[in-house]
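Residue strings, one per chain:
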2 protein chains.
Amino acid sequence: MSDCEHAKIEKIEVADSELCERAAAIFRALGDPNRLKLLCLLSKKELCVSELTQILADNVPAVSQRLKLLKLERLVKQRRQGKHIFYRLADAHIQLLIENGLAHGSEPTTDSNEE
Amino acid sequence: MSDCEHAKIEKIEVADSELCERAAAIFRALGDPNRLKLLCLLSKKELCVSELTQILADNVPAVSQRLKLLKLERLVKQRRQGKHIFYRLADAHIQLLIENGLAHGSEPTTDSNEE
DNA sequence: AAAACACTCAATCAAGTGATTGAATGATGT
DNA sequence: ACATCATTCAATCACTTGATTGAGTGTTTT
C-alpha cells in the first residue's frame with residue numbers, strides 16, 4: 001500500500017460494479033479474433049452456420065460454439081428457417097461497438113507526443 | 001462441413017485478419033472488470049497507482065500489473081512526476097469505446113421480439 | 001549516502017478458455 | 001418411418017490468464 005495522502009480521493013466515485021461486470025463480459029466476448037470475424041460478417045448480412053463456416057474456412061462445431069457464446073452474451077440473435085439457423089447481430093449498439101473497435105484498431109499507433 | 005450450396009458466398013469479403021487481431025486485442029484488454037474499472041476512473045481524471053489502489057481497495061502490484069497490460073495494448077499512457085507515475089487514457093477513441101460499452105451494458109436486456 | 005516511499009518485475013500456481021472429437025437433436029425429403 | 005442434412009451438445013485436453021508473494025528499481029528527503 002502507500003503512505004502518501006491524496007486529497008479528495010473520496011470525491012471520485014468508483015464505477016458501478018455490476019455495470020462494469022456486464023460491460024466487461026461484452027468486451028470479453030468481442031475480445032477474440034475468431035468471434036470478432038464472425039460478428040464482422042454478421043454485421044453485413046444475416047448468415048447461417050454453414051455459410052459462416054465456409055467463408056471462414058473453419059469447422060462447423062467451432063463456429064457453432066463461438067456463436068453459442070455470442071448468443072449467451074446477447075450479442076447475436078438466431079432465427080430458424082427450415083434446416084438452417086440464421087444468425088444476426090442483436091442490435092445496433094453492438095454494430096457500433098464493433099465499428100468503433102475496428103476503427104481504433106486501424107489507427108496509426110498514436111506515438112506522437114510521449115512514451 | 002456441409003453439403004448445401006449457398007449462392008454468392010464469394011461476394012462476402014472476410015474482414016482484414018490483422019485488423020481483427022488488433023481490435024480483438026483491444027477488446028480483450030477491456031474485457032476484465034478490474035481493468036475496466038481502472039479505465040473508468042482514468043476516464044474521469046489522471047491518477048497514480050497508489051490513488052487507484054486506494055480507490056479500488058486493492059493491492060499495489062495487482063493494479064500495477066493491470067496498468068502494465070493496458071499500457072502494452074496502448075489504452076493508457078503514463079507520466080512520471082517525482083515519486084508518482086500518473087496514468088491516463090491514451091486517447092479519445094478509448095474513452096468512446098468505454099462509454100459505448102458501458103452504455104450497452106446498462107441496456108434493459110433487449111428481450112422484446114424473439115428468442 | 002542512507003532511509004523511505006512509489007512502483008515494477010519475476011516466479012509460482014490455480015482457474016478459466018478454446019480447440020477438437022464423436023455423439024445427439026431437430027428439420028426436411030422420399 | 002427412414003435417411004439425410006444442419007446444427008448443437010458433451011467431454012477431454014492443452015494453453016492462457018490472473019492473483020499473489022517477495023525481491024528489485026528509481027526518486028525524494030534528510
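Residues numbered from 1 in each chain as written. Chains lettered and ligands numbered in written order. Predicted model: local features only at pLDDT ≥ 70, side-chain atom pairs only at ≥ 80, totals over all residues. Heavy atoms only, no water.

(A) Examining the overall build of chain A more closely. Of the regular secondary structure elements, chain A holds five helices and three strands. From first element to last, N terminus to C terminus, chain A shows the α and β order α-α-β-α-α-β-β-α. For chain A, buried positions account for 48% of its 115 residues. Taking as baseline every contact in chain A between residues at least 6 positions apart, the subset at least 24 positions apart corresponds to 51%. (Helix = DSSP H or I, 4+ residues; strand = E, 2+ residues; numbered from the N terminus. Buried < 20%, exposed > 50% of the residue type's maximum accessible area, 1.4 Å probe, protein only. Contact = heavy atoms within 4.5 Å.)

(B) Structural detail: helix α3 (residues 49–56) of chain B. All names here are of chain B. Here α3 lies mainly inside the structure; seven of its eight residues are buried. Those residues of α3 that are buried lie in contact with α2 (33–44), β1 (47–48), α4 (60–72) and β3 (84–89). Directly beyond the C-terminal end of α3, a positive phi value near 55° is found at Ala57.

(C) Seen up close, the environment of Leu67 of chain B. Residues and elements named next belong to chain B. Along the chain, Leu67 falls in helix α4. C-alpha of Leu67 to C-alpha of Lys77: the two residues are ten residues apart in sequence and 9.2 Å apart in space. Ignoring anything within four residues of it in the chain, the contact list for Leu67 reads Leu38, Leu42, Val49, Leu52, Val76 and Tyr87.

(D) How the structure looks around the nonpolar core. Judged by nonpolar contacts, the single largest core of 58 residues is most densely connected at Leu30 and Ile98 of chain A together with Leu30 and Ile98 of chain B. When neighbours within four sequence positions are excluded, Leu30 of chain A is seen to be in contact with Leu36, Leu39, Leu75, Leu97 and Ile98 of chain A together with Ala24 and Phe27 of chain B. (Core = buried A, V, L, I, M, F, W, Y, C linked by side-chain atoms within 4.5 Å.)

(E) The arrangement of the packing of helix α2 (residues 33–44) of chain A against helix α5 (residues 92–105) of chain A in detail. Residues and elements named next belong to chain A. Where α2 meets α5, the closest approach of the two axes is 11 Å, and the angle between their N-to-C directions is 120°. When the axes of α2 and α5 are compared, the pair comes out oblique. Viewed along their axes, α2 and α5 form a crossing whose handedness is left-handed. Of α5, the residues touching α2 (which contributes Leu36, Leu39, Cys40 and Ser43) are Gln95, Ile98 and Leu102. Among the residues forming the contact of α2 with α5, the class breakdown is five nonpolar, two polar and no charged. (Axes fitted to C-alpha atoms, helices over the stretch in contact; angles between N-to-C directions. Parallel < 35°, antiparallel > 145°, perpendicular 65-115°, else oblique. Left-handed = near helix turned anticlockwise from the far one by under 90°. Nonpolar A, V, L, I, M, F, W, Y, C, P; charged D, E, K, R; others polar.)

(F) Local environment of the sheet that holds strand β2 (residues 76–81) of chain A. All names here are of chain A. Read from one edge of the open sheet, three strands run β1-β3-β2, paired in antiparallel fashion. Two strands in the sheet have a free side with no partner beyond their single neighbour: β1 (47–48) and β2. Both β1 and strand β3 (residues 84–89) contribute to a ladder of two bridges, which runs antiparallel. Residue Cys48 lies in a different strand from β3, and its bridge partner there is Phe86. (Pairing = 2+ DSSP bridges.)

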